[in-house]
Amino acid sequence: METLLIIDDDVGLLENLQMHFEEILQDGAPRYHVVTATNAAAGLRAAQESMPSVVILDMMLPDRSGLEIIDELKTLCGDARIILVTAHHDMETTIRAMKAGAFDYIHKPFPEPAALDLVVDRALEYRQLSRRAASVNVENAAARLGDIVGTSPLMQQLVKEIGKVTSSHATVLINGESGTGKELFARVIHNYSYDEPKPFIGINCSAIVDTLLESELFGHEKGSFTGATNTKQGKFEVAEDGTVFLDEIGDMSLMLQSKLLRVLQEREFERVGGVKKIKLRARVIAATHRHLSDEVAAGRFREDLYQRLKVITLQIPPLRERREDIPPLIHHLLERINEKVHKRVTRVPPEVLEHLTRLPWRGNVRELENVLTRAVVLAPGEVLLGDDLPALEPGAPEPGQTGRTATPVPLLAAPPVDDASQIPTLEEAERMLIQRAMAVTKGHKGKVCQILGISRPTLERKLQKYGLSPSVPSLLGGQG
């Protein structure tokens, strides 16, 4: 039940409004608890005692004007929305009311109760959205650089790039495999880009069907489609001048890509079913585990949108390419997991740490956190045991190596130094190297990635580039 405070010296109007709002039901119960006052002093006392969600405030009161007490009301009841009402219709008073912080300004006599209902509904909706944005900001406060764990050269370079990105509000595209923490990096960029809290609004483009995603992004007007019983703000509108994070944008349909392109180009949009232009004030950060250049070549992603998104591009390295970061990351994650599951597993034996460092981690940091959570929950004491950890695969790297096998396979023989014609081009050498790796591993892509020290998506791109097939051994005859 929402508390509604009405301050007006017209006793007859007060009684009518109180009766009207108390008769409004929601799910079979009264929607409003109505509190009334006939002067400014009584209104301020009522505000302090009842903590209303919305205040309907008359401009002309016996002891003070409504304009004079707006600041005091805002201090007493926090984020309550204040609706000023008056019999005067001059423009100057309207401007003064809105400047003072009123949510809306309406004139007496009210054309019909429904008109006031609509204003109160909008006030409550904006209050709720504001609270959601505020809670997001509190959550964002934890996403600082301290959550990006790693001192490897790859991570040091990435942090430098983030520092440069935060000095502007340009569109950012974050590339990285699933589980690498793309949203964490987006939040860090957001938090370091502003001197004061701003909304960070995220949406997973792959988790919502197209018809609903358009409404989620741009909002909709009441009655614009079946089930649209109320006007709704979209993510772009709720984000205000903060950040909209579009996760897995590579999964967005071509139809929505077209609409998003227009929004980024014109910096404005309309709600679904609406005609009013709404300015886009938010910064856009997009992320994807797909290689958008390949998606463009395959006709699944618009090239013009890709160019709009990649103003600044960040590449998040997979965990297997920065194995030296795994030990400190384990200790960092253990602190968080212990707090979440109410355990105190703080000791990691060297052999367990070595084992964890050598695992392939195809699910990256997310997989590591899941594995650690299971091990912490099952640990009988303060020591992390290795019994519940995944087994190593054949050819797993030795400690200190960054993804390569412990005993490198001589994949290419060096050509005679005195015969320049025998030296292949870089592309030829790369193709031959991948062919040999595929032959040695009998087409096992995971082992090929370990041997060559590259990520799975990189291998897939190169296989496609050179027209190679996983069944390479059968093409190489005796060379395998």
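All residue numbers here refer to positions counted from 1 along the written sequence of the relevant chain. Reporting in this predicted model follows two pLDDT cut-offs: at least 70 for local features of residues, and 80 or more for side-chain atom pairs to be given and counted; totals over whole chains, interfaces and linings ignore these cut-offs and use all residues. With hydrogens and water set aside, each side-chain value is computed from the structure's full complement of heavy atoms.

Colleague: Before we go on, may I ask you to explain the side chain of His-220 in this structure?
Modeller: In this description a helix means any DSSP run of H or I spanning at least four residues, a strand means any run of E spanning at least two, and both kinds are numbered starting from the N terminus. On the secondary structure map, His-220 appears in strand E10 (residues 219-220). For His-220, a relative accessible area of 8% gives the class buried. Identification of polar contacts relies on pairs of N or O atoms within 3.5 Å, with a donor-acceptor requirement for protein atoms, meaning one able to donate a hydrogen and the other able to accept it, and with residues adjacent in sequence counted only if both atoms are side-chain atoms. A distance of 2.6 Å separates the side chain of His-220 from the side chain of Ser-215, its partner in a polar contact. Side-chain polar atoms of His-220 contact the backbone oxygen of Asn-230, separated by 3.2 Å. What His-220 contacts, discounting residues up to four positions off in sequence, is Ser-215, Phe-225, Ala-228, Asn-230, Thr-231, Lys-232, Arg-271 and Val-272. Remark: exposure states derive from per-residue accessible area (1.4 Å probe, protein chains only) relative to the maximum for the residue type, with buried under 20%, exposed over 50%, and partly exposed in between. Any two residues whose heavy atoms approach within 4.5 Å are treated as being in contact.

Colleague: Help me understand the packing of helix H13 (residues 326-341) against helix H14 (residues 350-358) in this model?
Modeller: Packed helices, taken two at a time, are described by the angle their axes make and the gap between the axes. With axes taken as lines fitted to C-alpha atoms, and helix axes fitted only over the stretch in contact, angles between N-to-C directions fall between 0 and 180 degrees. Viewed as axis vectors pointing N to C, H13 and H14 meet at an angle of 110 degrees, and their least axial separation amounts to 9 Å. When the interaxial angle is binned, H13 and H14 end up roughly perpendicular. Contacts from Ile-326, Pro-327 and Ile-330 in H13 reach Leu-353, Leu-356 and Thr-357 in H14. Residue type decides the class: Asp, Glu, Lys and Arg count as charged, Ala, Val, Leu, Ile, Met, Phe, Trp, Tyr, Cys and Pro as nonpolar, and the leftover types, Gly among them, as polar. A per-class count over the contact of H13 with H14 returns five nonpolar, one polar and no charged. Throughout this description, any angle smaller than 35 degrees is read as roughly parallel, any larger than 145 degrees as roughly antiparallel, any in the 65 to 115 degree range as roughly perpendicular, and the remainder as oblique.

Colleague: Would you mind going over the pairing of strand E15 (residues 283-288) with me for this structure?
Modeller: As a general feature of sheets, a regular strand has side chains that alternate between the two faces. Across the six residues that make up E15, a large majority, six, are buried. Of the two faces of E15, the one holding Arg-283, Ile-285 and Ala-287 and the one holding Val-284, Ala-286 and Thr-288 are both buried throughout. We treat two strands as partners when DSSP finds at least two bridges between them. As judged from the four bridges shared by strand E8 (residues 172-175) and E15, these two strands associate in the parallel manner. Bridging from a neighbouring strand, Asn-175 pairs with Thr-288 of E15. Pairing of strand E12 (residues 243-247) with E15, which is carried by four bridges, proceeds in the parallel orientation.

Colleague: What is the right way to read the pattern of salt bridges from this model?
Modeller: Side chains that carry opposite charge are capable of pairing whenever their charged atoms lie near each other. Here a salt bridge means any side-chain nitrogen of Lys or Arg lying within 4 Å of a carboxyl oxygen belonging to Asp or Glu. For the structure shown, the criterion picks out 28 salt bridges. The shortest N-O distance in the salt bridge between Glu-177 and Arg-320 comes to 2.5 Å. Of the two residues, Glu-177 is situated in the loop between E8 and helix H7 (182-193) and Arg-320 in the loop between strand E16 (312-315) and H13; the sequence distance between them amounts to 143 residues. Look at Glu-177 and you get buried, because its relative accessible area is 12%. Among the ionic pairs, Arg-187 bridges to Glu-183, the shortest N-O distance being 2.9 Å. With Arg-187 and Glu-183 both in helix H7, this residue pair falls four residues apart, about one helical turn. According to the relative accessible area criterion, Arg-187 is buried, its value standing at 13%.

Colleague: What's the story with the pairing of E12 in this structure? I'm lost.
Modeller: With five of five residues buried, E12 is to be regarded as a mostly interior element. Burial of E12 is two-sided: the residues Thr-243, Phe-245 and Asp-247 facing one way and the residues Val-244 and Leu-246 facing the other way are all buried. Pairing analysis gives five bridges linking strand E9 (residues 200-204) to E12, with the strands arranged parallel. Residue pairing across strands places Phe-200 opposite Thr-243, the latter belonging to E12.

Colleague: I tried to follow the environment of Gly-453 on my own but got confused; where do I start?
Modeller: Take Gly-453: it is sitting in the loop between helix H17 (445-452) and helix H18 (456-465). Separated by 133 residues in sequence, Gly-453 and Arg-320 have C-alpha atoms that sit 8.7 Å apart.

Colleague: Honestly, the packing of aromatic side chains in this entry has me stumped. Any pointers?
Modeller: Ring pairs (aromatic) are described by centroid distance and by the angle formed between their planes. Aromatic pairs are defined between Phe, Tyr and Trp rings, using the six-membered ring for Trp, whenever the two ring centres lie within 6.5 Å; interplanar angles under 30 degrees are classed as stacked, those over 60 as edge-to-face, and all others as tilted. Evaluation of the coordinates by the stated rule reveals five aromatic pairs. Consider the rings of Phe-21 and Tyr-32, whose centres lie 5.4 Å apart with planes at 85 degrees: the pair is edge-to-face. Here Tyr-32 lies in strand E4 (residues 32-37) and Phe-21 lies in helix H1 (residues 11-22), a separation of eleven residues in the sequence. Each member of the pair Phe-21 and Tyr-32 is classed as buried. Ring centres of Phe-236 and Phe-269 lie 5.9 Å apart, and the angle between their planes is 45 degrees; this geometry places the pair in the tilted category. One end of the pair, Phe-236, is in helix H9 (residues 235-238); the other, Phe-269, is in strand E13 (residues 268-269), and 33 residues separate them in sequence. When sorted by exposure, Phe-236 lands in the same class as Phe-269, which is buried. Aromatic ring contacts, followed pair by pair, group Phe-218, Phe-236 and Phe-269 into a single cluster.

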